[in-house]
Amino acid sequence: MEVKGTAIKTTRDFIKTKFPEQYNAWFNALPPQSRALFESALDATGWYPLNDAYIIPIRKVVEMFYDNDTRSGGEDLGKYSAEVALKGFYKVFLLVASPTYLIQRASKIFTTFYQPSKIDVEVLDSHGAILKILEFDGIDVALEYRIAGWILKALELANCREPSYEVKSSLAKGDRQTDLLFRWK
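Residues numbered from 1 in each chain as written. Predicted model: local features only at pLDDT ≥ 70, side-chain atom pairs only at ≥ 80, totals over all residues. Heavy atoms only, no water.

Some points on the packing of helix 7 (residues 99-113) against helix 8 (residues 141-157)
Two elements in contact, helix 7 and helix 8, have axes separated by 10 Å at closest approach and are oriented at 145°. Of the two possible hands of crossing, helix 7 and helix 8 adopt the one that is right-handed. Mapping the contact onto sequence places Pro99, Leu102, Ile103, Ala106 and Phe110 in helix 7 and Ile147, Trp150, Ile151, Ala154 and Leu155 in helix 8. When the residues that make up the contact of helix 7 with helix 8 are grouped by side-chain class, the tally is 10 nonpolar, no polar and no charged. (Axes fitted to C-alpha atoms, helices over the stretch in contact; angles between N-to-C directions. Helix = DSSP H or I, 4+ residues; strand = E, 2+ residues; numbered from the N terminus. Left-handed = near helix turned anticlockwise from the far one by under 90°. Contact = heavy atoms within 4.5 Å. Nonpolar A, V, L, I, M, F, W, Y, C, P; charged D, E, K, R; others polar.)

Details of helix 5 (residues 70-86)
The end-to-end C-alpha distance of helix 5 is 24 Å, a good match for the 24 Å that 17 residues give at a rise of 1.5 Å each. Residues of helix 5 that are buried include every one of Gly73, Gly74, Glu75, Leu77, Gly78, Tyr80, Ser81, Ala82 and Leu86, and no others. (Expected span 1.5 Å × (residues − 1). Buried < 20%, exposed > 50% of the residue type's maximum accessible area, 1.4 Å probe, protein only.)

With respect to the layout of surface pockets
Considered as a void within the structure, the largest pocket measures approximately 420 Å³ in volume. Lining the largest pocket we find 22 residues, and of these Thr6, Ser81, Ala85, Phe113 and Trp150 sit closest to its centre. Where the lining of the largest pocket is concerned, the elements lending two or more residues are helix 1 (5-18), helix 5, helix 7 and helix 8. Top element by residues in the lining of the largest pocket is helix 5. It accounts for 6 residues. Residue classes in the lining of the largest pocket are distributed as 13 nonpolar, 5 polar and 4 charged. (1 Å grid on protein atoms, 1.4 Å probe; cavity = no way out; pocket = protein on both sides within 12 Å on 5 of 7 lines; lining within 4 Å. Points joined across faces, edges and corners; volume = space filled by probe spheres on them.)

Remember, this is a structural readout, not a statement about activity or role.
The following block contains the structure:
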């Protein structure tokens, strides 16, 4: 399983922005193979091994800055990533897209960042949808929360009121797939 360089850069930038005084401690806590990736010039369009470049660094963020609160750490990483992505090039997209279309499009975007993966959306009604992660080798609970946080922030930026989500099943915890139920007003 591989992850696109853009996602790795977002993790690094998140720490530099939110925890700048502790960046070096986080970096030094990574195993050598992960440190080597972050020391190199990350190619935004390049592909990197999921575990070394993404899962391990995210787990260190959760451990060091969130007292092992996987949900909070994953969500904050996802929200930061969405804010960076959707306040720039995709800002116009937020103004014209319905929330359900936004989630459907996000599922397609995610598959371009994680390969190979299969992610789908089931639209429930005009105020709800389920994001289904059907195939994703090596997914981690923190990464599931990161994806949920990304969509949560996207819904906020699209002016949805009171967006929320519930994890109905988790591939990372041994279920057949991950189902993230999103609701908004």
